[in-house]
Structures are given as C-alpha cells and as structure tokens.
Amino acid sequence: MSELNSANNEGQRVKTAQSRYFGLFDNLLDKANSGPTYLSEPAIAKIVVDSLHYLDSRDWTLISFCIMPNHVHLVVEKPEKELFRILQSHKRHTARESDKLLNRTGNFWQAESYDHCVRDGNELERIIKYVLNNPVKAALVKSWEDWPHSYCKPALNPM
C-alpha cells in the first residue's frame, strides 16, 4: 500500500511541476516583446479561425479557442483520428495561407505543442475559463468578450 501512495505522490509532484512549467511558459508568451506576432494581424487570425471552424464536426468537436498574438489556445473534444495529425494538417494549411499573405517563407508555427487530456466537467470548465481569459490576463482587453479572436461553444460557455 505504501508503494501505491508513493507512486500517487510522485505522480502528483510531476503533474504539479508540469502545470507550473506550463504557467511560466504561457506567461512568457503573453508578455513576449520580441519574436513574431503574426496572429495579431486580423487577416492572419481569420485564416486560423476559419481553419478551426472548418475542422469542427469533420475532425473534432470545437469547444473553445483564443488566438493570441503569438500562440493559440484550443479546446476540442478528442477526435477519433490522432490529434497530432489533425493539428499538423491545420498548421500546414494555416502556415501556407498566412505565408502567402505575409509574403514570407520559413517556420510559421513551433513544431511542438502542449496538450492535456481533460478528465471531468469541472476541469473542462476551468480550462475553458482559462482559455477565454487569456487576453485579459495578458492585459490586452478588460473582458474576454472584447477579444476579437476568441470562441466558446454557447452550450459550454461557463462565463
């Protein structure tokens, strides 16, 4: 029994460390004053928004998103297909279309992404609130509704 408690404690420590790391990294992204901020351009953000909605009901069920100037927060219901492949396809498409508008080449998206499996309704509500409040936390707007590139499925809106 003590081995089980030890394993549970270690698992909780790892989860806490991962959450802390994610929070620190996300704060760095929100406060970044260097690096590309292509997503702050309305035409580029629209490409991403349109792609996310296009994939809704085809490859995933779109729950919520927030497009920040240099990153995207996305909540989807787990698709039957592998999420990694869907995101890679989305990134390829949006990078190609954005690069055309920006008249540029090179990497548009970072290769990696952070994903998390939601375990229950309370956690889902907390994550949706976190996603929607991201521009507020970054001091870009006073209310999440004022951010032009946020979305939440009306039936799941906890705000």
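Rules used throughout
- Residues numbered from 1 in each chain as written.
- Predicted model: local features only at pLDDT ≥ 70, side-chain atom pairs only at ≥ 80, totals over all residues.
- Heavy atoms only, no water.
- Helix = DSSP H or I, 4+ residues; strand = E, 2+ residues; numbered from the N terminus.
- Expected span 1.5 Å × (residues − 1).
- Buried < 20%, exposed > 50% of the residue type's maximum accessible area, 1.4 Å probe, protein only.
- Arc of directions from axis to C-beta.
- Contact = heavy atoms within 4.5 Å.
- Polar contact = N/O pair within 3.5 Å; in protein donor to acceptor, adjacent residues only side chain to side chain.
- Core = buried A, V, L, I, M, F, W, Y, C linked by side-chain atoms within 4.5 Å.
- Phe/Tyr/Trp six-rings, centres within 6.5 Å; stacked < 30°, edge-to-face > 60°.
- Axes fitted to C-alpha atoms, helices over the stretch in contact; angles between N-to-C directions.
- Parallel < 35°, antiparallel > 145°, perpendicular 65-115°, else oblique.
- Left-handed = near helix turned anticlockwise from the far one by under 90°.
- Nonpolar A, V, L, I, M, F, W, Y, C, P; charged D, E, K, R; others polar.

## Thoughts on helix 4 (residues 121-132)
- Relative to the 16 Å expected for twelve residues at 1.5 Å per residue, helix 4 spans 16 Å between its end C-alpha atoms, a close match to the ideal helical length.
- Those residues of helix 4 lying buried are Glu-123, Leu-124, Ile-127, Ile-128, Val-131 and Leu-132. Looking down the long axis of helix 4, one finds its buried residues gathered within 160° of arc, a one-sided arrangement. Exposed residues pointing more than 90 degrees away from the buried face of helix 4 are listed as Asn-122 and Arg-126.
- On its buried face, helix 4 is in contact with strand 1 (61-67), strand 2 (72-77), helix 5 (134-137) and strand 3 (150-152).
- N-cap assignment for helix 4: the residue whose side-chain oxygen lies 3.1 Å from the backbone N of Asn-122 is Asp-120.

## Some words on the nonpolar core
- In this structure, Leu-39, Trp-60 and Ile-67 are the most contacted members of the largest nonpolar core, which totals 17 residues.
- Sorting the residues of this core by element identifies helix 2 (42-55), strand 1 and helix 3 (83-102) as the ones contributing at least two each.
- In terms of residues, this core owes the most to one element, helix 2, which gives seven residues.
- Excluding its chain neighbours within four sequence positions, the residues that come into contact with Ile-67 are Leu-39, Ala-45, Val-48, Val-49, Val-72, Trp-147 and His-149.
- Counting 14 residues, the second largest nonpolar core, distinct from the first, contains Leu-124, Ile-127, Val-131 and Trp-144.

## A word on the packing of aromatic side chains
- Applying the stated criterion across every chain yields a total of three aromatic pairs.
- Note on Phe-108 and Trp-109: the rings are 5.2 Å apart at their centroids and 80° apart in plane angle, and the pair reads as edge-to-face.
- In this structure Trp-109 comes out as buried when scored by relative accessible area, which is 19%.
- Of the aromatic side chains, those joined through ring pairs into one cluster are Tyr-38, Phe-108 and Trp-109.

## Some thoughts on the packing of helix 2 against helix 3
- Their axes nearest at 9 Å, the elements helix 2 and helix 3 cross at an angle of 150°. If you check the angle between helix 2 and helix 3, you find them roughly antiparallel. Between helix 2 and helix 3 the crossing geometry is right-handed. On helix 3, the residues that touch Ala-43, Ile-44, Ile-47, Val-48, Ser-51, Leu-52 and Leu-55 of helix 2 are Ile-86, His-90, His-93, Thr-94, Glu-97, Ser-98, Leu-101 and Leu-102.
- Residue composition of the contact of helix 2 with helix 3, by class: nine nonpolar, five polar and one charged.

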